[in-house]
Amino acid sequence: MPRAERSENPKKKRVFRSTERVASGTATPMEARRRRSFPESVTVQIIARLPLKSIARFKSVCKQWRSLIESSYFRSLFVSLHRNSSSSSSWSLMFPMKYKNPITEAIGFYGCKRWDLPKSPASYFIPFQRYPNHPPLDYYYISSSNGLVWIEVEFGFDENHNTVAKSFVGNPVTQEWVEIHQPQDPSIIPTSLLTRVVNGVVSSFKMINTTYEVNDTNDVRSMYVYSSEIGAWSFKRLRSPVPLQRAGFNKPLILNGMVYVWDKRVDDDDDTAPGVLVAYDFFAEEDDNQCRIIPLPVPYSKCVRRCLSTSGGDVIYVEILERRLKVWKLKSNNSDGEWWQLTREEIDMASAGFDVDCFPLGVNPFDTDSVYLWSRQHGCVVFGNLRTREFTLCQDTETWSDGEGSWRINTSDSKKYLDTYELDAALVVTLSQFVPPQWMDPVPRPPY
């Protein structure tokens, strides 16, 4: 996991520092004159190599720089220069909102070249003081997609002792937030945030609230869907090609506008079937209400431990069964009748020194060979490299750095969450991945 530090050109480093002092207003007269004498092409090349945190400050230097940084040319240049650093982007593995637990993360990676965040991404979720006379009481993380986050903020109780809560969608790093008014239905359950990406830019988003209708059958799912393109909620019913048990409140997995959630078929015997993934594309045609059913690649066992995650744009399924670790990738099509393919040969956890009580938590969003487990035996997170078959204990609140950034492991909350989670063959652990945006694009806003 640790990597050697990269060497930097001292001359280039001095130029970067001089540019940063100009942006902060602490430049010497000579540095200011030097900046004015730089050709614009040189200025562009210098700024585009800096992290986004610094570039955001440079926008306030002058109108010329602001116009330059907000141009499509500069954005394309920045993305191309940092393309090789995408694998080291900051990210967090978030616990789902279960019984209104506050915002917590299992793993946070920060300090990478793209954003250069000084602390873990989840620490930016508790954002603003939009209502100075009514400070928030609690924040709750709902979902995230392509750098946007949906949070619920509680402000106390009204005269009828009902909770006063507001929903916000925004970019926690730039602290740009949009308030979304929820439908007046007490049965709704905030569920998912989805985004549409066009030419690398988030152009719109949708929010999903699940609900239960009295007349719903085993092949129908009811929900409210908010679209930023029209700025309104609509009611939608999805249909499954087979009857489903509606097994509990499982956290959905979000990827490329798709929602994947674990369920069981009505005709499945609980003692013999592993369950299925129910998939639906919320950016498909409006009149398409049909879900897709994807079988999971695992036989039944009371000892199976499994999780759903994403990595490199793919749905990843991780399983530990009879001390053997397997990682599958969902195939783009099943023309050969198979939905899944193994990413690597299975690993005998006993030979790796973790033969009992290991539960998969998730996968690195940029590296399918990097998996994260929870060891009840050791009471801590375990990092696994599937390429080298090496597994490393990550001790309590340990923070360490490698050549790309810094890691923080939240051991205490991981233990608290997994101790209360019913880890058995009937459930799939689905933690949420938050990855800051690759650029400072504005949050899509409703047309009003």
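Everything here concerns the structure above.
Report follows, based on the coordinates. (Residues numbered from 1 in each chain as written. Predicted model: local features only at pLDDT ≥ 70, side-chain atom pairs only at ≥ 80, totals over all residues. Heavy atoms only, no water.)

1. Regarding the overall build of the protein
Phase 1: Of regular secondary structure, the protein possesses seven helices and 26 strands.
Phase 2: Within the protein, the proportion of its 448 residues that are buried is 51%.
Phase 3: Considering only contacts in the protein between residues 6 or more positions apart, those separated by 24 or more positions represent 53%. (Helix = DSSP H or I, 4+ residues; strand = E, 2+ residues; numbered from the N terminus. Buried < 20%, exposed > 50% of the residue type's maximum accessible area, 1.4 Å probe, protein only. Contact = heavy atoms within 4.5 Å.)

2. What about the side chain of Lys251?
Phase 1: Checked against the element boundaries, Lys251 lands in the loop between strand S10 (232-239) and strand S11 (253-255).
Phase 2: Buried charged residue Lys251 carries no salt bridge. Nearest counter-charge: Glu152, at 11 Å.
Phase 3: In this structure the side chain of Lys251 is engaged in a polar contact, spanning 2.5 Å, whose partner is the backbone oxygen of Ile142.
Phase 4: Apart from residues lying up to four places away in sequence, Lys251 is in contact with Pro96, Ile142, Thr191 and Thr430. (Lys, Arg positive; Asp, Glu negative; His and termini not counted. Salt bridge = Lys/Arg side-chain N within 4 Å of Asp/Glu carboxyl O. Polar contact = N/O pair within 3.5 Å; in protein donor to acceptor, adjacent residues only side chain to side chain.)

3. Let's talk about the environment of Leu238
Phase 1: You can see Leu238 is positioned in strand S10.
Phase 2: For the pair Leu238 and Tyr280, spaced 42 residues apart in sequence, the C-alpha to C-alpha distance is 8.6 Å.
Phase 3: Discounting residues that sit within four places of it in the chain, Leu238 has contacts with Asp219, Val220, Arg221, Met223, Tyr280, Phe282, Asn289 and Cys291.

4. A look at the nonpolar core
Soluble globular proteins tend to pack their nonpolar side chains together in the buried interior.
Phase 1: In terms of nonpolar packing, the biggest core is built from 37 residues, with Trp91, Ile107, Leu325, Phe391 and Leu431 touching the most fellow members.
Phase 2: Not counting residues up to four positions away in its chain, the partners in contact with Leu431 are Leu93, Met94, Phe95, Pro96, Ala106, Leu308, Leu361 and Tyr417. (Core = buried A, V, L, I, M, F, W, Y, C linked by side-chain atoms within 4.5 Å.)

5. Topic: the sheet that holds strand S6 (residues 176-180)
Phase 1: With respect to topology, four strands assemble into an open sheet ordered S3-S4-S5-S6, the strand pairing being antiparallel. Each having just a single partner strand, strand S3 (138-145) and S6 make up the two edges of the open sheet. In this sheet, neighbouring strand axes are inclined to one another by 30° on average, regardless of whether the strands run parallel or antiparallel.
Phase 2: Where strand S4 (residues 148-157) and strand S5 (residues 163-171) come together, seven bridges link them in antiparallel fashion. When the sheet's bridge partners are listed, Glu152 is paired in S5 with Ser167. (Pairing = 2+ DSSP bridges. Axes fitted to C-alpha atoms, helices over the stretch in contact; angles between N-to-C directions.)

6. Some thoughts on the sheet that holds strand S12 (residues 258-263)
Phase 1: The four strands are arranged S11-S12-S13-S14 in an open sheet whose pairing can be described as antiparallel. The sheet is open, and its two borders are formed by S11 and strand S14 (292-295), each paired with just one other strand. Averaged over all neighbouring strand pairs, the angle between strand axes comes to 25°, with direction disregarded.
Phase 2: Across three bridges, the pairing between S11 and S12 is antiparallel. What sits directly across from Leu255, in S12, is Met258.

7. Description of the packing of aromatic side chains
Phase 1: Here the structure, examined in full by the defined rule, presents 16 aromatic pairs.
Phase 2: Ring geometry for Phe58 against Trp65: centres 5.9 Å apart, planes inclined by 70°, an arrangement best described as edge-to-face. Each member of the pair, Phe58 as well as Trp65, is classed as buried.
Phase 3: Through a chain of ring-to-ring contacts, three or more aromatic side chains come together here, namely Trp91, Phe109, Tyr372, Phe383 and Trp407. (Phe/Tyr/Trp six-rings, centres within 6.5 Å; stacked < 30°, edge-to-face > 60°.)

8. Structural notes on helix H6 (residues 72-81)
Because each turn of an α-helix spans 3.6 residues, side chains separated by three or four positions end up pointing in the same direction.
Phase 1: Along H6, the residues classified as buried are Phe74, Arg75, Leu77 and Phe78. Buried residues in H6, looked at end-on, bunch into an arc of 165°, giving them a common side. Of the residues in H6, the exposed ones pointing more than 90 degrees away from the buried face are Ser72 and Tyr73.
Phase 2: Buried-residue contacts for H6 involve helix H3 (40-48), helix H4 (52-58), helix H5 (63-69) and strand S8 (201-211). (Arc of directions from axis to C-beta.)

9. Remarks on the packing of H3 against H6
Phase 1: Between H3 and H6, the shortest axis-to-axis distance is 9 Å and the interhelical angle comes to 50°. By the angle between their axes, H3 is oblique relative to H6. For the pair H3 and H6, the crossing hand works out as right-handed. Of the residues in H6, those in contact with Val44, Gln45, Ile47 and Ala48 of H3 are Tyr73, Phe74, Leu77, Phe78 and Leu81.
Phase 2: Among the residues forming the contact of H3 with H6, the class breakdown is eight nonpolar, one polar and no charged. (Parallel < 35°, antiparallel > 145°, perpendicular 65-115°, else oblique. Left-handed = near helix turned anticlockwise from the far one by under 90°. Nonpolar A, V, L, I, M, F, W, Y, C, P; charged D, E, K, R; others polar.)

10. Some remarks on the pairing of S3
Phase 1: With seven of eight residues buried, S3 lies mostly within the body of the structure.
Phase 2: Bridge count for S3 against S4 is seven bridges, and the pairing is antiparallel. Directly across from Tyr139, in S4, lies its bridge partner Val153.
Phase 3: Linking S3 back to S4 in an antiparallel pair, the connection comprises two residues, with Asn146 at a positive phi of about 50°.

11. Here we look at the environment of Ala165
Phase 1: Within the secondary structure, Ala165 is located in strand S5.
Phase 2: Along the sequence, Ala165 and Glu152 sit 13 residues apart, while their C-alpha atoms lie 6.6 Å from each other.
Phase 3: Setting aside residues no more than four positions away along its own chain, Ala165 makes contact with Glu152, Val153 and Glu154.

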